2 protein chains.
Amino acid sequence: MSDPATRADDWLDAVSWDDNGLVAAIAQERGTGKVLMMAWMNREALRLTRESGHAVYWSRSRQRLWHKGESSGHQQVVRDIRLDCDGDVVLLEVEQRGGIACHTGRHSCFYRALDESAAWRAVEPVLKDPDAIYSKG
Amino acid sequence: MSDPATRADDWLDAVSWDDNGLVAAIAQERGTGKVLMMAWMNREALRLTRESGHAVYWSRSRQRLWHKGESSGHQQVVRDIRLDCDGDVVLLEVEQRGGIACHTGRHSCFYRALDESAAWRAVEPVLKDPDAIYSKG
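Residues numbered from 1 in each chain as written. Chains lettered and ligands numbered in written order. Predicted model: local features only at pLDDT ≥ 70, side-chain atom pairs only at ≥ 80, totals over all residues. Heavy atoms only, no water.

1. Section: the relation of the copies chain B and chain A
Reasoning step 1: Its rotation angle being 180 degrees, the transformation that places chain B on chain A also includes 0.0 Å of axial translation and leaves an RMSD of 0.0 Å. Both chain copies can therefore be described as sitting about a two-fold axis. Closest to the rotation axis within chain B is the C-alpha of Gly33(B), separated from it by 2.7 Å.
Reasoning step 2: Of the residues that chain B buries at the interface, 100% are likewise interface residues in chain A, meaning the two copies contact each other through the same surface. (Least-squares fit on C-alpha atoms with pLDDT ≥ 70 in both. Contact = heavy atoms within 4.5 Å.)

2. Describing the UniProt feature "binding site: Mg(2+)" (unreviewed entry) in chain A
Reasoning step 1: If you check UniProt for "binding site: Mg(2+)" (unreviewed entry), the listed places come out as Asp84(A), Asp86(A) and Asp88(A) in our numbering.
Reasoning step 2: Structurally, Asp84(A) is set in the loop between β5 (76-83) and β6 (89-96).
Reasoning step 3: In terms of polar contacts, Asp84(A) uses its side chain to reach the backbone amide nitrogen of Gly87(A), at 2.8 Å.
Reasoning step 4: Tracing the sequence through the fold places Asp88(A) in the loop between β5 and β6.
Reasoning step 5: Its relative accessible area of 21% is what places Asp88(A) among the partly exposed residues.
Reasoning step 6: Those residues within four positions of Asp88(A) in sequence are excluded, and the remaining contacts are Ser16(A), Val23(A), Ala24(A) and Arg60(B). (UniProt positions renumbered as here; feature names shortened; annotations may be inferred. Helix = DSSP H or I, 4+ residues; strand = E, 2+ residues; numbered from the N terminus. Polar contact = N/O pair within 3.5 Å; in protein donor to acceptor, adjacent residues only side chain to side chain. Buried < 20%, exposed > 50% of the residue type's maximum accessible area, 1.4 Å probe, protein only.)

3. Overview of the interface of chain B and chain A
Reasoning step 1: Of the residues lining the interface, 39 residues belong to chain B; the matching set on chain A comes to 39 residues.
Reasoning step 2: The contact between chain B and chain A buries some 3,200 Å² in all, and 64% of this surface belongs to carbon and sulfur atoms.
Reasoning step 3: At the boundary of chain B and chain A, one finds four salt bridges.
Reasoning step 4: For Arg60(A), the salt bridge identified is with Asp88(B), shortest N-O distance 3.3 Å.
Reasoning step 5: Those elements that provide at least two residues to the side of chain B that touches chain A are β1 (23-29), β2 (35-41), β5 (76-83), β6 (89-96) and β7 (112-114) of chain B.
Reasoning step 6: The element that contributes the greatest number of residues to the side of chain B that touches chain A is β5(B), accounting for four residues.
Reasoning step 7: For the side of chain B that touches chain A, the per-class residue count stands at 23 nonpolar, six polar and ten charged.
Reasoning step 8: Bridge count for β5(A) against β7(B) is two bridges, and the pairing is antiparallel. Directly across from Leu83(A), in β7(B), lies its bridge partner Arg112(B). (Buried area = accessible area lost by both parts, 1.4 Å probe. Salt bridge = Lys/Arg side-chain N within 4 Å of Asp/Glu carboxyl O. Nonpolar A, V, L, I, M, F, W, Y, C, P; charged D, E, K, R; others polar. Pairing = 2+ DSSP bridges.)

4. Some thoughts on the sheet that holds β6(B)
Reasoning step 1: Taken in spatial order, the six strands line up as β8(A)-β7(A)-β5(B)-β6(B)-β1(B)-β2(B) in an open sheet, and their pairing is mixed. For this open sheet the edge positions go to β8 (120-122) of chain A together with β2 of chain B, each flanked by a neighbour on one side alone. Each neighbouring strand pair of the sheet contributes to a mean axis angle of 30 degrees, computed without reference to strand direction.
Reasoning step 2: Docked against the sheet, helix α3 (residues 43-52) of chain B engages β7 (112-114) of chain A together with β2, β5 and β6 of chain B, running at close to 125 degrees with respect to β2(B). (Axes fitted to C-alpha atoms, helices over the stretch in contact; angles between N-to-C directions.)

5. Examining α3(B)
Residue and element names in this part refer to chain B.
Reasoning step 1: Restricting attention to buried positions, one finds in α3 the residues Ala-45, Leu-46 and Thr-49. Here the buried residues of α3 occupy an arc of 95 degrees about the axis, which is enough to place them on one side.
Reasoning step 2: Contacts from the buried residues of α3 go to α2 (10-13), β2, β3 (56-59), β4 (64-67), β5 and β6. (Arc of directions from axis to C-beta.)

6. Remarks on the side chain of Ser108(A)
Residue and element names in this part refer to chain A.
Reasoning step 1: Position of Ser-108 relative to the elements: it lies in the loop between β6 and β7.
Reasoning step 2: Look at Ser-108 and you get buried, because its relative accessible area is 1%.
Reasoning step 3: Among the polar contacts listed, one links the side chain of Ser-108 to the backbone oxygen of Val-35, at a separation of 2.9 Å.
Reasoning step 4: Ignoring any residue separated from it by four or fewer positions in sequence, one finds Ser-108 in contact with Lys-34, Val-35, Leu-36, Cys-102 and Glu-124.

7. Topic: the pattern of salt bridges
Reasoning step 1: By the definition in use, this model includes 29 salt bridges over all chains.
Reasoning step 2: Each of Asp9(A), Asp13(A), Arg43(A), Glu44(A) and Arg47(A) takes part in a single network of salt bridges with overlapping partners.

8. Topic: the packing of aromatic side chains
All names here are of chain A.
Reasoning step 1: Tallied over the full model, the rule gives five aromatic pairs over all chains.
Reasoning step 2: Relative to Trp-66, the ring of Tyr-57 lies with its centre 5.3 Å away and its plane at 45 degrees, an arrangement referred to as tilted.
Reasoning step 3: Here Arg-50 stacks its cationic end above the ring of Trp-11, 5.8 Å away from the centre of that ring. (Phe/Tyr/Trp six-rings, centres within 6.5 Å; stacked < 30°, edge-to-face > 60°. Lys NZ or Arg CZ within 6 Å of the ring centre and 35° of its normal.)

So this is what it looks like as structure tokens:
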């Protein structure tokens, strides 16, 4: 028999971590089905996401764990975690606190749409000024 | 004034291609809102996707353009292309031919859900035997 502590990590071992030890993570909003954002997780981030029930990512730019909403208050409550056929992408079903996932103050990060003249157009409104979201005052 | 041919590529220049010249591409089904898969595109794949109206990805394993559905017939008709705030993820709204996006014969590639005992469980049915999908007979 295998060690219980080892068995408990089987679900993490099933993930195909990339050369940097990361897996892509898509956050989709429960209810609306809206795709809010895509970020990255390392093993610890995915473990913490399951344990805490809140999305924890790995910030590649800051090279540290990123508890989504730690500055903005816009946490993501995780209701379901899926893994794709290749094991290298995770899909989270989340409830988005504050209704804002994007650092620009929009609901979703995918707010630019390609129009018929091949230009990216912002098609979703800023719901809250980013300065107000991230102010310490 | 800039050259028209150059200007026509502005939308591709707006994408933050990674060190391998790739961008992540999420396919979401029109109507159901289901996230079907995530794959990768290089510049040519994204250009061809727009021009043809069908999803074209870059296969990292085969190192070549992958016209989705070229073997299976399960093409993706692209109705909308979005870009995220950082410019490094594309979101496609697609109509999935045959209702099967996954090479396992399932509707979506995200068919494994993490259950309460921390095990991945297949929660979506195989709609068509992969041997039948990819047979040449």
